[in-house]
Amino acid sequence: MALAIFDLDETLIHGDCATLWSEQMGRLGWVDPESFMRKNNELMDAYSHGKLRMEEYMAFSLEPLIGRTPAEVEHLVGPWVEDFIEPIIFSDATKTIAAHRKAGDRILVISASGTHLVKPIADRLGIDEILGIELDVAHGVYSGQTVGTLTYREGKITRLLEWLDAEEENLEGASFYSDSRNDLPLLLKVDFPHVVNPDPVLLDHAEKSDWPIHLWK
């Protein structure tokens, strides 16, 4: 049994779940939609150019959750996933997941988004195992802080290696699917890197390395 590892945003879904949740927080009245999305889009532009400090983005995006209970947030994330995420799941992604499942592979989503979003989205895809950015809970409510290593760039490798050790797994024969230059460190670690609807930097690297390039819809 080999690992089949998937990035989430712009890989399994046609969009960025953190940005879409930011829009939802505006609809919920938790933030001022115009100013919040302006800042969100500035930070995501930095992400697309490989220049984002993820700590800065998480501090910004988690501020509206401060003082809210995980149960309260979970209650609202569920319908949001149904209404806004399910329609943008790539059908080619579901087919690829099914093929890996049929082959007996162990499927893992590893994302630079918060687990409060990654877990319910993975659940809708029938994937039980995830690694994402962990949110701190203090006195029963979200503190706005994160816990541990952020699953971003080289941090994905750190967290994955910890997970492999805990699960007594290894990367022999592992596949990893991603769209982003930010995932090059992990793509270079696996036996079977796959790029999905890649950004220009990743596309150039994939072409030079003769990696499979998938245009999922």
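Described below are features of the structure shown in this document. (Residues numbered from 1 in each chain as written. Predicted model: local features only at pLDDT ≥ 70, side-chain atom pairs only at ≥ 80, totals over all residues. Heavy atoms only, no water.)

**Digging into the overall build of the chain**
Within the chain, the regular secondary structure consists of 9 helices and 7 strands. Relative to the globule expectation of 17 Å for 217 residues, the C-alpha radius of gyration of the chain, 17 Å, shows essentially globular dimensions. Taking the contacts inside the chain whose residues are at least 6 apart along the sequence as the reference set, 59% of them involve residues at least 24 apart. When the accessible surface of the chain is split by element, carbon and sulfur atoms take 50% of a total near 10300 Å². For the chain, the distance from the average position of its 19 positive side-chain charges to the average position of its 38 negative side-chain charges is 3 Å. (Helix = DSSP H or I, 4+ residues; strand = E, 2+ residues; numbered from the N terminus. Rg over C-alpha atoms; globule rule 2.2 N^0.38 Å. Contact = heavy atoms within 4.5 Å. Areas by Shrake-Rupley, 256 points an atom, 1.4 Å probe, with all protein chains shown as cover. Lys, Arg positive; Asp, Glu negative; His and termini not counted. Charge placed at Lys NZ, Arg CZ, Asp CG, Glu CD.)

**Quick look at the side chain of His-194**
Within the secondary structure, His-194 sits in strand S6 (residues 192–196). With a relative accessible area of 14%, His-194 lands in the buried category. Looking at His-194, its side chain comes within polar contact range of the side chain of His-214, at 2.8 Å. Residues contacting His-194, with those up to four places away along its chain left out, are Ser-175, Phe-176, Tyr-177, Ser-178, Leu-187, Pro-212 and His-214. (Buried < 20%, exposed > 50% of the residue type's maximum accessible area, 1.4 Å probe, protein only. Polar contact = N/O pair within 3.5 Å; in protein donor to acceptor, adjacent residues only side chain to side chain.)

**Re the side chain of Arg-106**
Here Arg-106 is to be found in strand S2 (residues 106–114). Within the local environment of Arg-106, its side chain forms a polar contact with the side chain of Glu-129, the two groups lying 2.6 Å apart. Here the side chain of Arg-106 touches Glu-167 through a polar contact of 2.5 Å, side chain to side chain.

**What to know about the pairing of S6**
Burial analysis of S6 places 4 of its 5 residues in the buried class, the great majority of the element. Pairing geometry for strand S5 (residues 175–178) and S6, over 4 bridges, is parallel. Directly across from Ser-178, in S6, lies its bridge partner Val-195. Sheet topology note: the S6/strand S7 (residues 213–214) ladder contains 2 bridges and is parallel. The residue of S7 that forms the bridge with Val-195 is Ile-213. (Pairing = 2+ DSSP bridges.)

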